[in-house]
Amino acid sequence: MDNNIITPIKFNNGIITILDQTKLPNEIVYVDLVTVEDVYDSIKELKIRGAPAIGIAGAYGLFVVSRNSKALTVKELLNELKIKGDYLISSRPTAVNLEWAIKRIVHKLNINIFSTTNEVLEFVSSEAQLIQKEDEQTCYKIGEFGSKLLENVKNVLTHCNAGSIATAKYGTALSPIYYLNDRGKNIHVYADETRPLLQGARLTAWELMKAGIEVTLITDSMAGFVMAKKNIGAVIVGADRITANGDVANKIGTYSVAILAKEHKIPFYVAAPLSTFDVSIDSGDDIPIEERAKEEVTFIGGRQYAPDDVDVYNPAFDVTPNEYITAIITEKGIITPSYRANIKKHFE
Ligand code: MRU
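All figures in this text were calculated on a predicted structure; none of them were measured in a lab.

Some thoughts on the overall build of the protein chain
Consideration 1: The number of helices and strands found in the protein chain is 11 helices and 16 strands.
Consideration 2: Projected onto its principal axes, the C-alpha coordinates of the protein chain cover approximately 65 × 50 × 40 Å.
Consideration 3: Taken across its 348 residues, the protein chain has 56% of its residues classed as buried.
Consideration 4: Within the protein chain, contacts between residues at least 6 apart in sequence are counted, and of these 77% link residues at least 24 apart.

Remarks on the environment of Ile-300
Consideration 1: Looking at the secondary structure, you find Ile-300 in strand β12 (residues 299-300).
Consideration 2: Considering only alpha carbons, one finds Ile-300 and Leu-24, 276 residues apart in sequence, at a separation of 15 Å.
Consideration 3: Sequence-distant contacts of Ile-300, defined by excluding residues within four places in its chain, comprise Arg-195 and Tyr-305.

Brief notes about the site of the ligand
Consideration 1: Neighbouring the ligand are 17 residues; Ala-51, Arg-92, Asp-240, Asn-250 and Lys-251 lie closest to it.
Consideration 2: At 2.8 Å, a side-chain N or O of Arg-49 approaches an oxygen atom of the ligand.
Consideration 3: Note that an oxygen atom of the ligand is positioned 2.8 Å from one of the side-chain N or O atoms of Asp-240.
Consideration 4: Burial of the ligand by the protein amounts to 99% of the accessible area it has alone, namely 420 Å².
Consideration 5: Every element with two or more residues in the shell around the ligand is listed here: α2 (51-68) and β9 (248-251).

Describing the sheet that holds strand β8 (residues 241-243)
Consideration 1: Overall, mixed pairing links the four strands, which are arranged β11-β8-β9-β14 in an open sheet. A strand with exactly one partner marks an edge of an open sheet, and here the two such strands are β11 (277-278) and β14 (317-320).
Consideration 2: Note that β8 and β9 share two bridges and pair antiparallel. Counterpart to Arg-241 in the pairing with β9 is Ala-249.

Some points on the domain arrangement of the protein chain
Consideration 1: You can read the domains of the protein chain as domain 1 (9-137) and domain 2 (144-346).
Consideration 2: Here domain 1 packs against domain 2, burying approximately 2200 Å² in sum over the two surfaces, 55% of which is carbon and sulfur.
Consideration 3: Taken together, domain 1 and domain 2 are joined by one salt bridge.
Consideration 4: Arg-92 is the salt-bridge partner of Glu-290, the closest N and O atoms lying 2.9 Å from each other.
Consideration 5: At the boundary of domain 1 with domain 2, the tally comes to 15 residue pairs in polar contact (both at pLDDT 80 or more).
Consideration 6: Of the residues in the side of domain 1 that touches domain 2, the class split is 13 nonpolar, six polar and seven charged.

Side note on helix α7 (residues 199-210)
Consideration 1: Here α7 is 12 residues long and its end C-alpha atoms lie 15 Å apart, about the 16 Å a rise of 1.5 Å per residue gives.
Consideration 2: Gln-199, Gly-200, Arg-202, Leu-203, Thr-204, Ala-205, Trp-206, Glu-207 and Leu-208 are the residues of α7 that are buried.
Consideration 3: Two residues or fewer after α7 comes Gly-212, characterised by a positive phi angle close to 80 degrees.

A word on the packing of aromatic side chains
Consideration 1: Inspection of the entire model under this criterion finds eight aromatic pairs.
Consideration 2: Considering the side-chain rings of Tyr-140 and Tyr-179, the 5.7 Å spacing of their centres and the 65 degrees angle between planes classify their relative orientation as edge-to-face. In this pair, Tyr-140 sits in helix α5 (residues 117-150) while Tyr-179 sits in helix α6 (residues 175-182), placing the two residues 39 residues apart along the sequence.
Consideration 3: The class of Tyr-140 is partly exposed, set by a relative accessible area of 32%.
Consideration 4: For Tyr-179, a relative accessible area of 15% puts it in the buried group.
Consideration 5: Taken together through their ring pairs, the aromatic side chains of Phe-11, Tyr-60 and Phe-63 make up a single cluster.
Consideration 6: Positioned over the ring face of Tyr-324 is Lys-262, at 5.2 Å from the centre of the ring.

Examining the pattern of salt bridges
Consideration 1: Tallying each qualifying case throughout the model produces 14 salt bridges.
Consideration 2: Salt-bridge contacts for Glu-127 lead to Arg-104; the nearest nitrogen and oxygen are separated by 3.8 Å. With Glu-127 in helix α5 and Arg-104 in helix α4 (residues 96-111), this pair connects stretches of sequence that are 23 residues apart. You'll find Glu-127 and Arg-104 in the same group, each marked buried.
Consideration 3: Here Glu-290 and Arg-292 are joined by a salt bridge, their closest N and O atoms 2.7 Å apart. This pair shows no difference in class: Glu-290 is buried, exactly as Arg-292 is.
Consideration 4: A cluster of three or more residues bridged by salt bridges with shared partners is formed by Arg-92, Glu-290, Arg-292 and Glu-296.

Some words on the state of the cysteines
Consideration 1: Counted under the stated rule, the structure contains zero disulfides.
Consideration 2: Cys-160 supplies the cysteine sulfur nearest to Cys-139, a cysteine that is in no disulfide, at a spacing of 15 Å.
Consideration 3: With a relative accessible area of 7%, Cys-160 lands in the buried category.

Analysis parameters
- Residues numbered from 1 in each chain as written.
- Predicted model: local features only at pLDDT ≥ 70, side-chain atom pairs only at ≥ 80, totals over all residues.
- Heavy atoms only, no water.
- Helix = DSSP H or I, 4+ residues; strand = E, 2+ residues; numbered from the N terminus.
- Buried < 20%, exposed > 50% of the residue type's maximum accessible area, 1.4 Å probe, protein only.
- Contact = heavy atoms within 4.5 Å.
- Near = heavy atom within 4 Å.
- Polar contact = N/O pair within 3.5 Å; in protein donor to acceptor, adjacent residues only side chain to side chain.
- Areas by Shrake-Rupley, 256 points an atom, 1.4 Å probe, with all protein chains shown as cover.
- Pairing = 2+ DSSP bridges.
- Domains from an automatic or database assignment.
- Buried area = accessible area lost by both parts, 1.4 Å probe.
- Salt bridge = Lys/Arg side-chain N within 4 Å of Asp/Glu carboxyl O.
- Nonpolar A, V, L, I, M, F, W, Y, C, P; charged D, E, K, R; others polar.
- Expected span 1.5 Å × (residues − 1).
- Phe/Tyr/Trp six-rings, centres within 6.5 Å; stacked < 30°, edge-to-face > 60°.
- Lys NZ or Arg CZ within 6 Å of the ring centre and 35° of its normal.
- Disulfide = S-S within 2.5 Å.

If you want it as structure tokens, here you go:
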């Protein structure tokens, strides 16, 4: 079972290889990331995507910087890592895991002493691998805690892809489903297709089918009717950034699903590692929301569906206010309201 869970990033003998998620599900293509620009472009173009996975990619991006650097002194290399780290962070602004991973390494570089540039390279390499390993363990724990909330649930609805390929392994929202499946309990997943970039259709449906989990694909506009008709016991989604008061930024459309869930009295769960929390921000109002190219909305599969000059608004994420969230599942346990106080306790 475990072997059928796909992982999106591999690091072998200094070579970073990612599964190109823009080609899924029609082609399974792996690409090597050789330069810092390769890493930046892969994140920006969503070849690698999902909050924890872009954090891991960013960490390996610093490894690429160290390996390709022409710096002659440790000081020069640390300076270059800081500058190129900021460049990598600028590739996508909403998921805080990217900034978290890069800042974690840069901070550790600043508080340790290195005699040679090679020592820096070795350090960055082991830190990036550690971030990846920790994320896998974290996601597994999210699965374990989340499984307690889904034990008596037959059908869940999810939005976007917060699965194995959005993390080191197992995913966040999908991890409890894998965990339970492994123990003989089969949950049926209704996956929103997730316009405009179809992460639900292209990625969630694909990875669940690969893992042998029952999945039914629906368009985003069907979510309310499915909640009314299909005995949905829970909605479970991932997150890109969670603020001190428990507001959650996640893929555009999540907010609408949360409102629908409340109306249908269905629990709405968010699954996310602690690296997705940004307690320096008080509420969702201050989360930077990425806006992407208008062509993502006007074109589907290379064909244009809207007039040339139409005005388009294309936010990649929205913010679900905390009052719609039944619980947040982390690797340290389940956080319930009141969020401000309980999130604070989680970070003490
Ligand atoms: O634009 P994407 O595909 O990177 O958006 C992904 C999401 O919104 C996920 O739900 C989130 O990053 C959590 S992934 C475990």
